Amino acid sequence: MEQLASLILSLSRLIPSANIGHFLSIVEGIYSISSGGVTQLNISRYSSISYRSVQRFMSLSISWYQLLIRMLVVHLSNYRGVYLLVIDETVEDKAGKQTDKIGYFFSSKLGKVIKSVSFGVLSLVAVDKRKSYVVDFTQLSQDASKTAENKAKKVLKAKKKAQKKKDKAAGKLTETRPPGRPVGSKNKVKTKVESESSRALTLLLTRVLPFLASVLIHPTYLVGDGAYGNLTYCLLAGEQNLFLISKLNCTSVLFYPPKAGTRQRIYGDKVDFTQLQDHQIDEKEEDDCIFTFFQIKKVRTRNIGQFINVVIIRCYHKKSKKTGFILLFSTDLTLEGMTLVDYYALRFQIEFNFRDAKQYFGLSDFKSIKPTQMNNAVGLSFFMVNLSAILIDNMKEQSDFKFLSILDLKTCFRAIFFSKHLKNTPILNVNNILDPQNIAVLEYLGAINMFNKNNIMPKVD
């Protein structure tokens, strides 16, 4: 494809000139792979370069965030809408002990902690296009401090439980703290809590935002799931002049601002979720559920030490007659409620990036264990996801097809791969293509172990 070649050549400043041809061959090889997974060996089988050349390329030091953003500049040059930054983590199970930063991370898909590698990923969402493009990533290491803290809490809890059991057996009354705040206590200054996830987000933002600004892309909001809905990430977003959009726990208690004239009070009256009629902004009915949207633009919670803009979504299920609540919030106190809901819903686009990278482009297949090779394998998989989105958009503009997928794109490249093999097979021509020997060659075209160096099959009886 001419578009692919022009896109890859436009990135020649960020990849050594001696390797740009290999990069193009690797990209074509990944698209042509039909089975076996996207490993370095399989890439060499479906591309025009050797296995050793693929290994040399994967050992290069490549600035993937610059590569990913530069590729988007041309594609989004005419876009004048709102940009969002979305942060999330992806976990991939990995065996062995030698893999860099391997540890035990929680897998939301399996619902438990597994031996794996984890990556923090930052993507750029074009709101009007409704698409997410990965712009940077970093590998996370197991948070040793958090693990030690959790172990210490478990030990302390076990000791208290054992002591309480002994006191009960001895007939002693356990001392309880009197109600109310202890005399002389002071308010704690709320600051950021350092963790592996917060350090990774700081690294990604400080690396990506200046580069985005240099190409005239200025995101306004940082969107994250419920794991990022706390004070630490509100402060991190504020330091980078971004507003945070995230989710609160459904059991969170909300407080109105204190009434005028009240001295030395931070929290006002509690928000009563049964008395929200005055704050209703919309109502929708989908399947068996009725969703009612309420917005309060200035409230506080105990775990976030600043005013936030909250949208409360009440979900009523007709059949079971049960009611649940979803709490979304933003640090932008002027953001309209339904816009906040729409921006948070766009967060899920990054999950499609993870799905495509794992399913088609080797994020779940790489065998590398060294940091550089792992970084290149992950960077290449996300690069392929972005590249596919761009190529599909261009194909839609140049054809009458409204619905195209990555499978359609891979089919096109696989056809090109087979046609090249047909053209380079010396025993095939128009006159003898129907001979039994030649039909056998066509039947096994693309097989890995069934050809010799001259692409000639053994004789057929």
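Before any of the text, the structure's been laid out above.
Here the structure is a predicted model, which means the values were calculated and not measured.

## Considerations on the overall build of the protein
The secondary structure content of the protein amounts to 13 helices and ten strands. When each of the 461 residues of the protein is scored for burial, the buried share is 44%. Considering only contacts within the protein whose residues lie at least 6 apart along the sequence, 61% involve residues at least 24 apart. A total of about 26,200 Å² of accessible surface is found on the protein, and carbon and sulfur atoms cover 54% of it.

## Some details on the pairing of strand β3 (residues 112-126)
Summarising burial for β3: twelve of the 15 residues are buried, a large majority. Judged from the eleven bridges that link them, strand β1 (residues 83-93) and β3 form a sheet pairing that is antiparallel. The residue of β3 that forms the bridge with Ile87 is Leu122. The pairing of strand β2 (residues 103-107) with β3 spans five bridges and is antiparallel. Paired with Phe106 across the two strands is Val113, which belongs to β3. What sits between β2 and β3 in their antiparallel hairpin is a turn of four residues, with Gly111 showing a positive phi close to 75 degrees. Where β3 and strand β4 (residues 131-140) come together, nine bridges link them in antiparallel fashion. Each residue of the ladder has a partner; that of Val121, found in β4, is Phe137. Linking two consecutive strands that pair antiparallel, namely β3 and β4, is a turn of four residues; a positive phi of about 60 degrees is found at Arg130 within it.

## Remarks on helix α5 (residues 64-75)
Compared with the 16 Å implied by 1.5 Å per residue over twelve residues, the 17 Å span of α5 between its first and last C-alpha is a close match. Within the span of α5, buried status applies to Trp64, Tyr65, Leu67, Leu68, Ile69, Met71, Leu72 and His75. Packing partners of the buried residues in α5 comprise α1 (2-9), α2 (20-32), β4, α7 (196-214) and α11 (371-398).

## A few points about the environment of Ser132
Note on placement: Ser132 falls in strand β4. When the C-alpha positions of Ser132 and Tyr83 are compared, they lie 9.9 Å apart, and in sequence the two are 49 residues distant. Not counting residues up to four positions away in its chain, the partners in contact with Ser132 are Ser123, Leu124, Val125, Gln349, Ile350 and Asn353. A polar atom in the side chain of Ser132 sits 2.9 Å from the side chain of Ser123. Only 2.7 Å separates the side chain of Ser132 from the side chain of Asn353, close enough to count as a polar contact.

## Details of the side chain of Ser123
Within the element layout of this structure, Ser123 appears in strand β3. Judged by its relative accessible area of 0%, Ser123 is buried. Not counting residues within four places of it along the chain, the set of residues in contact with Ser123 comprises Leu84, Leu85, Val86, Ser132, Tyr133, Val134, Val135, Ile350 and Asn353.

## Remarks on α1
Taken together, the buried positions of α1 are occupied by Leu4, Leu7 and Ile8. Relative to the axis of α1, the buried residues are bounded by an arc of 95 degrees and lie together on one face. Of the exposed residues in α1, the ones pointing more than 90 degrees away from its buried face are Glu2 and Leu9.

## Here we look at the packing of α5 against α11
To characterise two packed helices, one gives the angle between the axes of the helices and the distance between these axes. In the contact formed by α5 and α11, the axes pass within 10 Å of each other and the chain directions differ by 5 degrees. What the angle tells us is that α5 and α11 run roughly parallel. Counted together, Trp64, Leu67, Leu68, Met71, Leu72 and His75 of α5 and Asn375, Asn376, Gly379, Leu380, Phe382, Phe383, Asn386, Leu387, Ile390 and Asp393 of α11 form the full contact between these two elements. In the contact of α5 with α11, the residues fall into ten nonpolar, five polar and one charged.

## Quick look at the pattern of salt bridges
One pass over the full model with this rule turns up twelve salt bridges. When the shortest N-O distance is used, the salt bridge between Lys358 and Glu92 registers 3.6 Å. Here Lys358 is found in helix α10 (residues 349-360), whereas its partner Glu92 is found in strand β1, with 266 residues between them in sequence. With relative accessibility at 23%, the residue Lys358 sits in the partly exposed group. Residue Asp356 pairs with Arg355 through a salt bridge whose shortest N-O separation is 3.1 Å.

## A word on a nonpolar patch on the surface
On the surface, Tyr104, Phe106 and Val113 cluster together into a nonpolar patch covering about 340 Å² of accessible area. The exposure class of Phe106 is exposed, given its relative accessible area of 51%.

## Considerations on the packing of α1 against α2
At a minimum axis separation of 10 Å, α1 and α2 run at an interaxial angle of 140 degrees. The angle between α1 and α2 falls in the class oblique. Like other packed secondary-structure pairs, α1 and α2 cross with a definite hand, here right-handed. Residue-level contacts link Leu4, Ala5, Ile8 and Leu9 of α1 to Ile20, Phe23, Leu24, Val27 and Glu28 of α2. Taken together, the residues that form the contact of α1 with α2 break down as eight nonpolar, no polar and one charged.

## Quick look at unusual backbone geometry
Even without being glycine, Leu216 reaches a positive phi, approximately 65 degrees. Along the polypeptide, Leu216 turns up in the loop between α7 and β5 (221-223). Exposure remark for Leu216: the relative accessible area of 69% places this residue in the exposed category. For Asp287, which is not a glycine, the phi torsion comes out positive at approximately 55 degrees. As for its placement among the helices and strands, Asp287 is situated in the loop between β7 (280-286) and β8 (289-301). For Asp287, a relative accessible area of 76% puts it in the exposed group.

## Some thoughts on the packing of aromatic side chains
What the rule picks out here adds up to 17 aromatic pairs. Centroid distance Tyr65 to Phe211: 5.9 Å. Interplanar angle 75 degrees. Geometry classified as edge-to-face. Of the two residues, Tyr65 sits in helix α5 while Phe211 sits in helix α7, which places them 146 residues apart along the sequence. As far as the burial class goes, Tyr65 and Phe211 line up, both buried. Here Phe255 and Tyr267 contribute two aromatic rings whose centre-to-centre distance is 4.9 Å and whose plane-to-plane angle is 45 degrees, an arrangement assigned as tilted. You can see Phe255 sitting in the loop between β6 (243-248) and β7 and its partner Tyr267 sitting in the loop between β6 and β7, a full twelve residues away along the chain. Through a chain of ring-to-ring contacts, the aromatic side chains of Phe23, Phe57, Trp64 and Phe383 assemble into a single cluster.

Parameters and conventions
Residues numbered from 1 in each chain as written. Predicted model: local features only at pLDDT ≥ 70, side-chain atom pairs only at ≥ 80, totals over all residues. Heavy atoms only, no water. Helix = DSSP H or I, 4+ residues; strand = E, 2+ residues; numbered from the N terminus. Buried < 20%, exposed > 50% of the residue type's maximum accessible area, 1.4 Å probe, protein only. Contact = heavy atoms within 4.5 Å. Areas by Shrake-Rupley, 256 points an atom, 1.4 Å probe, with all protein chains shown as cover. Pairing = 2+ DSSP bridges. Expected span 1.5 Å × (residues − 1). Polar contact = N/O pair within 3.5 Å; in protein donor to acceptor, adjacent residues only side chain to side chain. Arc of directions from axis to C-beta. Axes fitted to C-alpha atoms, helices over the stretch in contact; angles between N-to-C directions. Parallel < 35°, antiparallel > 145°, perpendicular 65-115°, else oblique. Nonpolar A, V, L, I, M, F, W, Y, C, P; charged D, E, K, R; others polar. Salt bridge = Lys/Arg side-chain N within 4 Å of Asp/Glu carboxyl O. Patch = residues over 30% accessible without salt bridge, like charges linked within 9 Å, V, L, I, M, F, W, Y side chains within 5 Å. Left-handed = near helix turned anticlockwise from the far one by under 90°. Phe/Tyr/Trp six-rings, centres within 6.5 Å; stacked < 30°, edge-to-face > 60°.

Just geometry here; none of it tells us what the structure is for.
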